[in-house]
2 protein chains.
Amino acid sequence: METGTDGPLASLLADEPRVVTAGVSLFADALATQGVAPVRTEWRPPAGAGDALARIAGDERLDTANREAVERLQSARPHLVDLQAARDVIDGFDDGMLLHAGPPIEWADASGPLRGAIIGALLYEGWADDADAAVAMAGRGDVDLSPCHEHSSVGPMAGVVSPSMPMYVLHDEEHGITACCTQNEGLGKVLRYGAFGDEVVDRLRWMERTLAPLTRAALQAHGPIDVRALIVQALQMGDEGHNRNRAGSSLFLREIAGDLIEVDASTADIADVLRFINGNDHFFLNLVMPAAKAAADAARDIPGSSMVVAMARNGTEFGVQCSGTGDEWFTGPAGVPDGLFLSGYGPDDANPDIGDSTITETAGIGGFAMAAAPAIVRFVGGEVSDALRFTLSMYEIALDEHDAYQIPILGFRGTPVGIDATKVVRTGVVPAVNTGMAGREPGTGQVGAGLVEPPMECFVGAVRALADRVEPT
Amino acid sequence: METGTDGPLASLLADEPRVVTAGVSLFADALATQGVAPVRTEWRPPAGAGDALARIAGDERLDTANREAVERLQSARPHLVDLQAARDVIDGFDDGMLLHAGPPIEWADASGPLRGAIIGALLYEGWADDADAAVAMAGRGDVDLSPCHEHSSVGPMAGVVSPSMPMYVLHDEEHGITACCTQNEGLGKVLRYGAFGDEVVDRLRWMERTLAPLTRAALQAHGPIDVRALIVQALQMGDEGHNRNRAGSSLFLREIAGDLIEVDASTADIADVLRFINGNDHFFLNLVMPAAKAAADAARDIPGSSMVVAMARNGTEFGVQCSGTGDEWFTGPAGVPDGLFLSGYGPDDANPDIGDSTITETAGIGGFAMAAAPAIVRFVGGEVSDALRFTLSMYEIALDEHDAYQIPILGFRGTPVGIDATKVVRTGVVPAVNTGMAGREPGTGQVGAGLVEPPMECFVGAVRALADRVEPT
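What counts, and where the lines are drawn
Residues numbered from 1 in each chain as written. Chains lettered and ligands numbered in written order. Predicted model: local features only at pLDDT ≥ 70, side-chain atom pairs only at ≥ 80, totals over all residues. Heavy atoms only, no water. Helix = DSSP H or I, 4+ residues; strand = E, 2+ residues; numbered from the N terminus. Buried < 20%, exposed > 50% of the residue type's maximum accessible area, 1.4 Å probe, protein only. Contact = heavy atoms within 4.5 Å. Areas by Shrake-Rupley, 256 points an atom, 1.4 Å probe, with all protein chains shown as cover. Lys, Arg positive; Asp, Glu negative; His and termini not counted. Charge placed at Lys NZ, Arg CZ, Asp CG, Glu CD. Pairing = 2+ DSSP bridges. Least-squares fit on C-alpha atoms with pLDDT ≥ 70 in both. Salt bridge = Lys/Arg side-chain N within 4 Å of Asp/Glu carboxyl O. Polar contact = N/O pair within 3.5 Å; in protein donor to acceptor, adjacent residues only side chain to side chain. Nonpolar A, V, L, I, M, F, W, Y, C, P; charged D, E, K, R; others polar. Axes fitted to C-alpha atoms, helices over the stretch in contact; angles between N-to-C directions. Parallel < 35°, antiparallel > 145°, perpendicular 65-115°, else oblique. Phe/Tyr/Trp six-rings, centres within 6.5 Å; stacked < 30°, edge-to-face > 60°. Lys NZ or Arg CZ within 6 Å of the ring centre and 35° of its normal. pLDDT = per-residue confidence, 0-100.

1. Here we look at the overall build of chain A
The helix and strand tally for chain A stands at 17 helices and 17 strands. Considered along the principal axes of its C-alpha atoms, chain A spans approximately 85 × 50 × 50 Å. Residues classed as buried in chain A amount to 61% of the 473 residues present. Restricting to contacts in chain A with at least 6 residues of sequence separation, those with at least 24 account for 72%. With the model as given, the accessible surface of chain A reaches about 18,000 Å², and the carbon-plus-sulfur share is 48%. Taking the 33 positively charged and 67 negatively charged side chains of chain A as two groups, their mean positions are separated by 2 Å.

2. As for the pairing of strand E16 (residues 433–438) of chain A
Residue and element names in this part refer to chain A. In terms of burial, E16 is largely enclosed, as six of its six residues are buried. As defined by bridge partners, E16 adjoins strand E17 (residues 446–452) across six bridges and the pair is classed as antiparallel. Within E17, the position partnered with threonine 435 by the bridge is glycine 450.

3. Digging into the relation of the copies chain B and chain A
After a rotation of 180° and a shift along the axis of 0.0 Å, chain B superposes on chain A with an RMSD of 0.1 Å. In short, the pair behaves as if placed about a two-fold rotation axis. Closest to the rotation axis within chain B is the C-alpha of methionine 237 of chain B, separated from it by 2.2 Å.

4. Re the interface of chain B and chain A
Much of the literature gives interface size as the accessible area that the parts lose upon coming together. Taken together, the 40 residues of chain B in the interface contact 40 residues of chain A. Between arginine 275 of chain B and glutamate 262 of chain A there is a salt bridge, with its nearest N and O atoms 3.0 Å apart. Where chain B meets chain A, there are 18 residue pairs in polar contact (both at pLDDT 80 or more). For the side of chain B that touches chain A, the secondary-structure elements that each account for two or more residues are helix H10 (246–260), helix H11 (267–278), helix H14 (377–380) and helix H15 (384–394) of chain B. If one sorts the elements of the side of chain B that touches chain A by residue count, H10 of chain B sits on top with eleven residues. Residue composition of the side of chain B that touches chain A, by class: 20 nonpolar, eleven polar and nine charged.

5. A few points about the sheet that holds strand E13 (residues 354–355) of chain B
Residues and elements named next belong to chain B. In space, the four strands of this open sheet follow the order E11-E10-E9-E13, with antiparallel pairing throughout. Only two strands of the sheet have a single partner each, and these edge strands are strand E11 (330–333) and E13. Packed on one face of the sheet, helix H17 (residues 456–469) meets strand E9 (308–314), strand E10 (317–322) and E11 and runs near 160° to E11.

6. Digging into the packing of helix H8 (residues 198–222) of chain B against H10 of chain B
Residues and elements named next belong to chain B. Two elements in contact, H8 and H10, have axes separated by 8 Å at closest approach and are oriented at 85°. Between H8 and H10, the interaxial angle falls into the category roughly perpendicular. Contacts between H8 and H10 involve Leu214, Thr215, Ala218, Leu219, Ala221 and His222 from the first element and Phe252, Glu255, Ile256, Asp259 and Leu260 from the second. Its residues assigned to classes, the contact of H8 with H10 shows seven nonpolar, two polar and two charged.

7. What about the packing of aromatic side chains?
Tallying each qualifying case throughout the model produces six aromatic pairs over all chains. One residue, arginine 378 of chain A, lies across the ring of phenylalanine 412 of chain B, its end atom 3.5 Å from the ring centre.

8. Some words on the confidence of the model for chain A
Residue and element names in this part refer to chain A. In this model, chain A carries an average pLDDT of 92, and 91% of its residues clear a pLDDT of 70 or more. Note on residues 1–5: pLDDT under 50 across the span, and six contacts to partners over four residues away in sequence or across chains. On the interface metric, ipTM, the complex scores 0.87, and its pTM is 0.89.

Below, the structure written as structure tokens:
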């Protein structure tokens with residue numbers, strides 16, 4: 001420190017002291033009555049969380065619980081083991097029921113793309129003859145809507161799953177966890193973005209009758225595929241696992257191609273499957289998501305842990321679940337992403353944030369690994385420096401650096417992993433999320449991709465609930 | 001600038017001036033006689049190049065020639081158009097002749113891996129019955145050795161090509177250039193690393209009878225493949241195109257898979273081909289190299305241009321050709337790479353630098369694009385910061401930034417492209433090269449991978465020859 005009388009710190013002693021206040025106004029008001037004019041800053045702990053944070057601050061039981069949670073999340077090694085109709089892999093998946101992305105929601109509150117996907121699923125299953133009938137059926141409450149997350153599943157965007165849709169089955173032997181997800185349909189006018197025209201339903205039927213059985217047969221010949229190992233490689237090849245999966249899709253195709261062509265099927269069907277996968281750089285997303293879900297589910301239900309185990313959006317609300325707060329959802333309004341639009345679309349066409357794909361960020365990739373995928377800014381907008389900045393800022397709210405998921409450009413530093421809800425509330429730094437954008441109107445499909453901020457109130461709610469559950473020492 | 005009497009520049013006026021000298025001692029000696037003790041630095045222009053540089057310095061004709069050269073190099077768009085036996089695609093490729101990597105060399109001067117590959121090729125062609133007979137045949141001068149580069153071809157490592165070996169044919173319509181290369185054999189005990197055992201020859205026969213005809217048939221169904229476009233993508237996926245080609249190999253397999261399985265061949269053969277490609281992350285190197293060769297050849301023979309159009313090593317010498325100096329090779333002793341070794345091998349096992357793969361650096365990728373491929377340091381050694389530093393330092397000796405080949409982490413800056421031999425000599429910065437390492441003993445195969453410095457004298461020789469060819473203004 002400089003000690004002379006003319007250094008930059010000298011004014012600290014020579015000038016009048018200035019007082020900067022933050023948070024509740026009590027202290028500032030008291031100063032004002034004594035003739036001091038404080039500089040009042042806008043920041044304050046989010047409503048209600050200050051008390052909660054104070055009650056659990058320094059509680060070593062929480063640190064222990066969080067260490068266990070983030071260790072379990074990282075040690076999961078989910079393998080792709082099967083691919084079957086949803087009704088055969090999801091317990092109690094009866095006709096008349098549909099799964100969807102995000103926290104619980106009813107038809108009346110559903111946004112356009114979720115409604116569109118529900119209509120498409122009812123047409124695909126043959127439960128409704130046309131879109132009007134589907135709307136009427138859903139409006140009458142004849143469809144039982146339930147979150148994917150509550151059925152060991154995840155769904156990208158609208159995330160609508162009906163019983164006939166084939167689902168990947170991933171299993172993690174380490175923790176005995178299973179997680180499921182449908183196969184990826186490609187981009188544009190697809191069910192998960194809320195489109196439901198004939199092309200959408202026809203493609204879903206082709207996926208059920210050709211893509212899934214051929215993929216399954218190839219998988220059976222190949223044996224279980226270590227999805228985590230593929231993600232590790234993909235992160236060294238410019239993917240971040242959420243909106244950039246070109247490398248992962250390539251590696252998966254390479255891995256399965258030899259067995260796929262030996263499947264007992266027509267050459268034309270096999271070629272169609274290979275070309276479909278080659279034509280879709282997002283194909284691997286639907287394997288990354290259940291791998292992340294399996295890892296996050298391994299870390300559920302650890303008393304006292306403030307680690308986030310699910311972030312998910314239903315197109316209306318953004319919801320968060322924490323390890324130490326069971327199955328309770330903490331929600332806030334879903335924001336509208338900011339990013340790049342497909343030709344012919346603009347900000348007014350975008351629906352609020354939707355999809356379970358934030359399970360990738362929950363598991364330490366996606367927006368948290370954007371430094372590994374600088375080219376993603378050409379898809380979601382922003383500059384390369386933003387991609388680096390997002391990852392670096394996430395270390396502030398993460399519990400650890402991932403053992404396996406590494407970022408070469410950061411000297412192979414592990415990705416920030418394990419979102420600590422208390423750190424989010426303390427720092428005001430919310431998880432970085434990149435996402436596809438669905439059209440607001442049902443039937444539109446994709447309109448763009450971008451970045452979006454989760455609402456702080458989800459994390460505040462989680463911290464308050466956690467504090468209420470922690471018994472005083 | 002600071003103008004006061006006590007700023008950091010004040011001592012420039014107050015203190016005794018100090019003189020720093022570089023280059024020839026004439027000036028320093030003159031100062032010494034006047035009582036001034038100069039600080040003599042070690043740097044000096046390489047022997048003989050100072051005069052040559054002085055003769056061409058400021059000659060605008062050279063700038064014009066170099067602008068044309070680097071523009072031609074970048075505008076080439078080589079497509080993979082065919083795959084046929086070398087004897088059918090290389091003019092005058094008669095029995096008894098073998099192509100090899102690097103500048104011209106005779107058997108007597110050939111290092112272990114080149115000898116091993118020659119032995120393997122003679123066995124593969126059936127020109128010799130065993131290794132002893134092959135050595136005797138080559139020793140008698142019964143084999144006509146000729147550089148790949150002089151036959152519109154390039155060969156990785158030993159680069160030995162015999163007439164029966166299938167070669168990719170790449171054609172660039174823009175400049176009417178064709179360039180060829182064999183298919184990649186994989187790593188370990190392979191011909192190009194100087195191995196010649198039964199497994200090597202058996203693999204070459206399988207490549208001739210199965211891999212090549214199936215790849216060709218798929219290519220014919222697919223139509224020409226734009227190799228440059230694949231390289232553009234691969235650079236965004238962590239490849240640099242020389243020793244990291246995992247993304248490029250994946251993208252090529254994806255591109256061809258659909259057509260490959262429709263080829264009229266047995267399912268077992270098709271599956272073998274897919275598994276062979278999937279098992280070899282260097283498969284794409286043998287497409288990158290002829291693509292780079294086609295681009296560099298498009299820039300040949302521009303009078304006055306000091307741009308390098310070939311860098312190549314035969315295991316004994318490193319050779320350079322420049323656009324403005326025709327087919328003349330400028331050579332120096334090949335260095336021994338510094339890097340990482342395969343289990344069981346160490347520095348004493350490594351042969352000096354070998355292979356035509358430095359055509360990648362010549363065309364602005366490979367060592368010049370290492371910033372795009374930070375994970376490569378796990379293969380060639382060094383730190384991630386080195387990968388960035390190599391690329392950044394290459395801008396000092398490059399004529400341009402590549403229009404198409406971009407590095408996402410540098411804000412999509414174009415790779416440094418077009419090595420200016422005069423800049424190499426002026427700056428003392430030699431091209432950054434990463435490379436595989438062959439075992440010194442014939443028959444060993446690969447022992448590691450690393451980084452290597454080209455000898456400065458190649459560039460000095462090129463600059464001198466260029467200066468001799470430029471007519472005084």
